[in-house]
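What follows is each chain in one-letter form.
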Amino acid sequence: MEIVHVYTKKRNEFGRQCNFSDRPAELHVDILPDPSLASNFIERDPCDIPIQCTQEMSEHEVNTERFESDTRGINHVEGGWPKDVNPQEMEQTIRFRKKVEKDEHYFSTIMQLGSNMEHCIKQNNAINIYQEYFEEEEVVEESEEQPSAKTINVFRDPNEIKRTATCLSWHPDGSCKLAVAYSSLGFQNISPDMSYDSYIWDIENPNKPEMTLKPVSLLVCLEYNPKDSHILVGGSYNGQIAYWDTRKGSQPVEMSTIEHSHRDPVYKVIWLQSKTGTDTFSASTDGQVLWWDIRKMSEPTERLVLDPNKKGNLDNALGAISLEFETTMPTKFMVGTEQGLVVSCNRKAKTPAEKIVCTYSGHHGPIYALQRNPFFPKNFLTVADWTARIWSEDIKESSIMWTKYHMAYLSDGCWSPVRPSVFFTVKMDGTLDVWDFLFKQNDPTLSLKVCDEALYSLRVQDNGRFLACGSQLGTATLLEISPGLCTLQRNEKALATAMFERETKREKILEARHREMRLKERSRSEQSKDEDTKEGDGEESVEELATRTEAEFYEIVEAELKKRAKEQEKKRPVLWSGIDLEVEDPSWSGVVCQSIIELSLLSLHAISTLSSLIWYPSCRLILT
Amino acid sequence: MAEVEETLKRIQTHKGVIGTIVVNAEGIPIRTTLDNSTTVQYTGLLHQLTMKARSTVRDIDPQNDLAFLRIRSKKHEIMVAPDKEYLLIVIQNPSE
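About the cut-offs
Residues numbered from 1 in each chain as written. Chains lettered and ligands numbered in written order. Predicted model: local features only at pLDDT ≥ 70, side-chain atom pairs only at ≥ 80, totals over all residues. Heavy atoms only, no water. Helix = DSSP H or I, 4+ residues; strand = E, 2+ residues; numbered from the N terminus. Buried < 20%, exposed > 50% of the residue type's maximum accessible area, 1.4 Å probe, protein only. Contact = heavy atoms within 4.5 Å. Areas by Shrake-Rupley, 256 points an atom, 1.4 Å probe, with all protein chains shown as cover. Pairing = 2+ DSSP bridges. Buried area = accessible area lost by both parts, 1.4 Å probe. Salt bridge = Lys/Arg side-chain N within 4 Å of Asp/Glu carboxyl O. Polar contact = N/O pair within 3.5 Å; in protein donor to acceptor, adjacent residues only side chain to side chain. Nonpolar A, V, L, I, M, F, W, Y, C, P; charged D, E, K, R; others polar. Expected span 1.5 Å × (residues − 1). Axes fitted to C-alpha atoms, helices over the stretch in contact; angles between N-to-C directions. Patch = residues over 30% accessible without salt bridge, like charges linked within 9 Å, V, L, I, M, F, W, Y side chains within 5 Å. Lys, Arg positive; Asp, Glu negative; His and termini not counted. Charge placed at Lys NZ, Arg CZ, Asp CG, Glu CD.

**Student:** What is the right way to look at the overall build of chain A in this model?
**Tutor:** Along the backbone of chain A there are six helices and 30 strands. Counting all 624 residues of chain A, 38% fall into the buried class. Across chain A, contacts joining residues at least 24 apart in sequence account for 50% of those joining residues at least 6 apart. As displayed, chain A offers around 40600 Å² of accessible surface, 52% of which is attributable to carbon and sulfur atoms.

**Student:** Whenever I open this one, unusual backbone geometry confuses me. Can you help?
**Tutor:** Glycine aside, a negative phi is what most residues show, and trans is what most peptide bonds show. All names here are of chain A. Of the consecutive residues Asp45 and Pro46, the connecting peptide bond is found in the cis state with omega at 5 degrees. Position of Pro46 relative to the elements: it lies in the segment before α1 (90-101). Despite not being glycine, Asp385 has its phi angle at roughly 30 degrees, a positive value. Tracing the backbone through its elements, the reader meets Asp385 in the loop between β19 (379-384) and β20 (387-392).

**Student:** Is there a simple way to think about the sheet that holds strand β9 (residues 254-255) of chain A in this case?
**Tutor:** Whenever strands of a sheet pair, they do so through backbone hydrogen bonds, lying parallel or antiparallel. Pairing within the open sheet is antiparallel, and its four strands lie in the order β6-β7-β8-β9 (chain A). Each edge of the open sheet carries a strand with a single partner, namely β6 (219-224) and β9 of chain A.

**Student:** Would you mind going over the interface of chain B and chain A with me for this structure?
**Tutor:** Reports of interface size often rely on the accessible area that becomes lost once the parts have come together. Taken together, the contact between chain B and chain A spans 38 residues of the former and 34 residues of the latter. Buried area between chain B and chain A, both sides added, is near 3300 Å², and the carbon and sulfur share of it is 62%. Glu118(A) serves as the salt-bridge partner of Arg10(B), at 2.3 Å between the closest nitrogen and oxygen. Counting the contacts that link chain B with chain A gives 11 residue pairs in polar contact (both at pLDDT 80 or more). The set of elements that each furnish at least two residues to the side of chain B that touches chain A consists of α1 (2-12), β1 (17-24), β2 (29-32), α2 (36-60), β3 (69-72), β4 (77-82) and β5 (86-92) of chain B. The greatest single-element share of the side of chain B that touches chain A, amounting to six residues, is contributed by α1(B). Per-class residue counts for the side of chain B that touches chain A are 20 nonpolar, seven polar and 11 charged.

**Student:** Help me understand α2(B), please; the structure alone is not making it clear to me.
**Tutor:** The α-helix winds at 3.6 residues per turn, so residues separated by three or four positions along the chain end up facing the same way. All names here are of chain B. For α2, with 25 residues, the first-to-last C-alpha span of 36 Å sits near the 36 Å given by 1.5 Å per residue. Among all positions of α2, only Thr39, Val40, Tyr42, Thr43, Leu46, His47, Thr50, Ala53 and Arg54 are buried. Looking at the packing, one finds that the buried side of α2 touches β1, β2, β3, β4 and β5.

**Student:** Is there a simple way to explain the sheet that holds strand β17 (residues 356-360) of chain A in this structure?
**Tutor:** Residue and element names in this part refer to chain A. The four strands are arranged β14-β15-β16-β17 in an open sheet whose pairing can be described as antiparallel. Of all strands in the sheet, those bounded by a partner on one side alone are β14 (320-325) and β17. Across the sheet, the mean angle separating the axes of adjacent strands is 20 degrees when strand polarity is ignored.

**Student:** Sorry if this is basic, but what is going on with the side chain of Ser261(A) here?
**Tutor:** All names here are of chain A. Along the polypeptide, Ser261 turns up in the loop between β9 and β10 (266-271). One polar contact links Ser261 to Ser256, side chain to side chain, over a distance of 2.9 Å. In contact with Ser261, not counting residues within four places along its chain, are Gly239, Gln240, Ser256, Leu290 and Trp292.

**Student:** Please explain a negative patch on the surface as it appears in this structure.
**Tutor:** On the surface, a cluster of negative charge is made up of Asp103(A), Glu104(A), Glu26(B) and Glu85(B). Relative to the helices and strands, Asp103(A) resides in the loop between α1 and α2 (104-126).

**Student:** So what exactly am I meant to see when it comes to the side chain of Ser344(A) here?
**Tutor:** All names here are of chain A. As for its position among the elements, Ser344 is in strand β16 (residues 342-346). With a relative accessible area of 5%, Ser344 lands in the buried category. Leave out the neighbours within four places in its chain, and Ser344 touches Phe333, Met334, Lys355, Ile356, Val357, Cys358 and Tyr360.

**Student:** What's the story with the pattern of salt bridges in this structure? I'm lost.
**Tutor:** Two side chains carrying opposite charge are able to pair once their charged atoms lie near each other. Counting across every chain of the model gives 35 salt bridges over all chains. One salt bridge connects Lys378(A) with Asp394(A), and the closest N-O pair in it is separated by 3.4 Å. Residue Lys378(A) is found in the loop between β18 (367-372) and β19, and its partner Asp394(A) is found in the loop between β20 and β21 (401-402); the two are separated by 16 residues along the sequence. With its nearest N and O atoms 3.1 Å apart, the salt bridge here joins Glu77(B) to Arg72(B). What makes Arg72(B) partly exposed here is its relative accessible area of 26%. Beyond isolated ion pairs, a larger network of salt bridges with shared partners links Asp228(A), Asp245(A), Arg247(A) and Lys248(A).

Written out as structure tokens, the structure reads:
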């Protein structure tokens, strides 16, 4: 079917036809240069002309031609037969064969080849040259390689003003992404230009973060939802909790209201195990642990005040720095406090007083990391002050195993998810320590200096192979550890169980002994109290104890000072100097001379006491 | 003549030997104990392979020449004894 549009136009409407003709060139305008016009212009001197001398580059794209490959087979048919022999005909082929066999050359060749061949056949029959010897013996699997760790990638904070990477979280599926929360933990250290952003990095690309999260205030902690890998929850410096959906963009989907949030920075937020997968709880140094449902962020669903007296008094409360929750024990959780206590709590208790089950004391400083051993949930690791300690749930008075006191403060630690006896710690001098207490108890198995600045956070990936640590300048380093440290060794579980049990037993015995001794003391002091009531209390009251310790303290200080002064005396440089007074005119009386000498000696002495020199000035009077 | 027969028979009766083929320079199987299609396949393939092997050895060192060719596969071993004019191929199941 043709689509045709017909329209008509009259010939006289076209206009006159064009008649072309040739004619020679004509000069229409000739403008000659007029120098007088130059007076309207000023010569520019100097002339500023930019010139670029660079390599000329060009961009080319090449797409190779597709290489097409084909699969072919060969069909074997008989061939090679001489022209006169037809391979299909049996007679002809047989005749040919017989002819060949009669050949003399054939005879000798076959004899010779035959003997060669027989030799090899017999060889084959005699022994199997490819037999594997000692196959039944177990291959000794102990890897002789040294434990090592290698830096794979370094992710730097792209902002000008560097913030500390305070928390890291691995993506739950496949661990190909790392969420890093940046904040500044120094007191009032936040400058107005500091960017509030936190980033999600793709571990293959350290140049640019994959996604930016823009909170209202600096994020102190950040966690991926283990059930839904698009949701992250973060706790910020101003006490609010916010959650993001990576599909929805950089702004938080919802934030908790300020009135109901924490009063201090939220140091840790953890996802809970629930049917809906939307429950989290958060801890902060204001002494509260709050439970949230992210669908309704206006108010926390539950609140717990960490008051050791179990009265719910916020003034008495301990500030919480770390939280621990194990999905296999959903009703229990633990809180690590600023005061060095670990509080174990039961979520399902009826009254708030019963929520706090027990406390574990033993650390001198805030507990920065708290984690149960993934293989032995009864034992947990705490990292605080200058040590890392391993505790057993049953022993509340002290830890069952601990590291020595280090030179630098320990800032974070975690267990290896694949090996029950391996844990990692990071220190403020920028070193990462890998501990394997089945191999060596006194020192870390591997100590690696990751960077020059302090390391603040550490997170191991679920396969135990990669770990990321965050530093003070916002650099997150991704390290791979050697396979020896992330493969389960033979008998490791059994050995670790044995070690834990042994240490727990030892502590139990010690605890029992202490209790006995205390009981004895108490009974003895009670006895003495009965005997001489006039003496007063056998036990000292708090004030007396305070004054006594104060007096002792000052005594010690005095003794130290004296010792130091004595040492200094010995070390002080000695200056001998003398003043010789030559008196020519004997008219000066002896008294005058004596007074002059005394004055000069006094001044010298004053000078000597001011400076810490021992100056032995001497003065001589020479009469001529 | 009878000795040739005897030799070939002796080879065939060794332990583990599955088949024997005698091939001439043109690739025609002169003597075989296997069926036709198998023989043709073996002959065609091994002839080419032996030529290739020989040329490889002589390429590296012209004074050298291929003495024997053994191909050990998972199931059996193919042994080829080459000569200027003929090829003796034996397929054997080596002792396990």
